[in-house]
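# Architecture and fold: a report
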Amino acid sequence: MKKLGFLSKFFKTWIDEYNNGSRYGLKGKILFEKQSNFQKITIVQTEKYGKALLLDDAWMTAEYEEKNYHECLVHPALTGSKSIEKILIIGGGDGGAARECFRYEEVKNIDLVEIDKVVIDVSKNFLPSIGGNAWNDKRLKIHITDGITWVKNIQNNIYDVIIVDGSDPKGPAQALFDQTFLKNCHRILKEEGVFAMQTESPHAFEKEHIEIVKLIRKIFGFADPCYGHVAIYPSGFWSWTFAAKDSPRYRNPFAPRLKKINGNFTIWSIRWQKASFNLIPSYLEEKLKNE
Ligand code: SPD
């Protein structure tokens, strides 16, 4: 990852994420680096996007770029679910997904289940704008535990919305792409709820993307990816997949709720959402058809 080794703590250098014969880099200086019990955690002061977080040398989020990811992950779910009182976020240790959920006053409780406490501590310390006021909101309940175990131990039909904000399918996040985890998410989601998950790049992680979208569709009945742009991730072309049990309700924002969302959007809008569900290259549409 770093050409200058320990010197990158003192000088700017190129910090790259390597992916399949390509590398995706930003110029910056390393502010913090630590091996937690689960992964290597790095904070970089980048020239272009402010402070950024990497996990195991993969870009996760950056101060001036995170809305391209968090708004897209959260709002199709929260505008589509019948009720949004009780929310589960798996991962999401930087607080960005929780912050977006709290724009809705209807939200009464968020269980944020993050396996690695160090990610939360480092995010609060170096990236406070990403979690913003979510960290002080009494409706946020943080659980430092494994998301796989959490969903296994919850009763049926409990959550209105489930958001999976994990990293790539390797290391601690590997099992989030697994059938057992997704079946439990289906079981604990209410009948008129919405499930949302970051589903990788259809370009840089094409195989993983196709497999996970098909699997989610098989388990939930209704599931569709939407596509957008996250410049710091491999290839920049990214996806989020939304699923529901009763209908593709994530495609149809609930009009009365829209008027009450607090704050302004940088990326999400009804127009963006509609276009993003339709922004599917035809070769992918073909590959995503169930055999
Ligand atoms: N390749 C990076 C995928 C990371 C997705 N999660 C990022 C966490 C932002 N809250």
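Rules of the game
Residues numbered from 1 in each chain as written. Predicted model: local features only at pLDDT ≥ 70, side-chain atom pairs only at ≥ 80, totals over all residues. Heavy atoms only, no water. Helix = DSSP H or I, 4+ residues; strand = E, 2+ residues; numbered from the N terminus. Buried < 20%, exposed > 50% of the residue type's maximum accessible area, 1.4 Å probe, protein only. Polar contact = N/O pair within 3.5 Å; in protein donor to acceptor, adjacent residues only side chain to side chain. Contact = heavy atoms within 4.5 Å. Domains from an automatic or database assignment. Buried area = accessible area lost by both parts, 1.4 Å probe. Near = heavy atom within 4 Å. 1 Å grid on protein atoms, 1.4 Å probe; cavity = no way out; pocket = protein on both sides within 12 Å on 5 of 7 lines; lining within 4 Å. Sits in = over half its atoms within 2 Å of the grid points. Nonpolar A, V, L, I, M, F, W, Y, C, P; charged D, E, K, R; others polar. Salt bridge = Lys/Arg side-chain N within 4 Å of Asp/Glu carboxyl O. Pairing = 2+ DSSP bridges. Axes fitted to C-alpha atoms, helices over the stretch in contact; angles between N-to-C directions. Phe/Tyr/Trp six-rings, centres within 6.5 Å; stacked < 30°, edge-to-face > 60°. Lys NZ or Arg CZ within 6 Å of the ring centre and 35° of its normal.

Before going further, it helps to examine the side chain of Ser276. By the element assignment, Ser276 lies in helix α9 (residues 270–278). On the accessibility criterion, Ser276 (3% relative accessible area) is buried. Polar contacts involving the side chain of Ser276 include one to the main-chain carbonyl oxygen of Trp272, which spans 2.8 Å. Residues in contact with Ser276, not counting those within four places in the same chain, are Pro225, Cys226 and Tyr227.

Right, let's get into the domain arrangement of the chain. For the chain, the assigned domains are domain 1 (6–61) and domain 2 (67–289). Here the C-alpha centroids of domain 1 and domain 2 sit 24 Å apart. Contacts between the two partners involve 22 residues from domain 1, matched on the other side by 21 residues from domain 2. For domain 1, the biggest contributors to the area lost against domain 2 are Phe38, Met60 and Thr61; these three give 27% of the whole.

The immediate surroundings of the ligand are formed by Trp59, Met60, Tyr69, His70, Asp94, Asp165, Gly166, Asp168, Gln198, Tyr233 and Trp238. Within the side chain of His70, a nitrogen or oxygen atom sits 2.7 Å from a nitrogen atom of the ligand. Here Gly166 contributes a backbone N or O atom positioned 2.9 Å from a nitrogen atom of the ligand. According to the grid-proximity analysis, the pocket containing the ligand is the largest cavity. When contributions to the shell around the ligand are tallied by element, the ones reaching two or more residues are β5 (58–62) and α1 (67–78). Tallied by class, the residues present in the shell around the ligand amount to five nonpolar, three polar and three charged.

Following the criterion strictly, the structure yields 23 salt bridges and no others. Of the charged contacts, one joins Asp160 and Lys190 as a salt bridge, the two residues approaching to 3.1 Å between their closest N and O atoms. Within this pair, whereas Asp160 is found in strand β9 (residues 159–165), its partner Lys190 is found in strand β10 (residues 189–198), the two being separated by 30 residues in sequence. Salt bridges linked by common partners bring Glu66, Glu71, Arg99, Glu100 and Arg103 together as one network.

Turning to the sheet that holds β9, a few remarks are in order. The strand order across the open sheet formed by seven strands is β8-β7-β6-β9-β10-β12-β11, and the pairing between neighbours is mixed. Looking at the sheet topology across the chains shown, the edges are occupied by β8 (140–144) and β11 (222–229). When the angles between neighbouring strand axes are averaged without regard to direction, this sheet yields 15 degrees. Relative to β11, α9 is tilted by about 110 degrees, and along the sheet it contacts β11 and β12 (237–244).

What follows covers the packing of aromatic side chains. In total, this model carries eleven aromatic pairs according to the counting rule given. Here Tyr69 and Tyr233 contribute two aromatic rings whose centre-to-centre distance is 5.7 Å and whose plane-to-plane angle is 80 degrees, an arrangement assigned as edge-to-face. With Tyr69 in helix α1 and Tyr233 in the loop between β11 and β12, this pair connects stretches of sequence that are 164 residues apart. Here the aromatic residues Tyr69, Phe205, Tyr233, Trp238 and Trp240 are joined through ring pairs into a cluster of three or more. It is Arg103 that lies over the ring of Phe265; its NZ or CZ is 4.2 Å from the centre.

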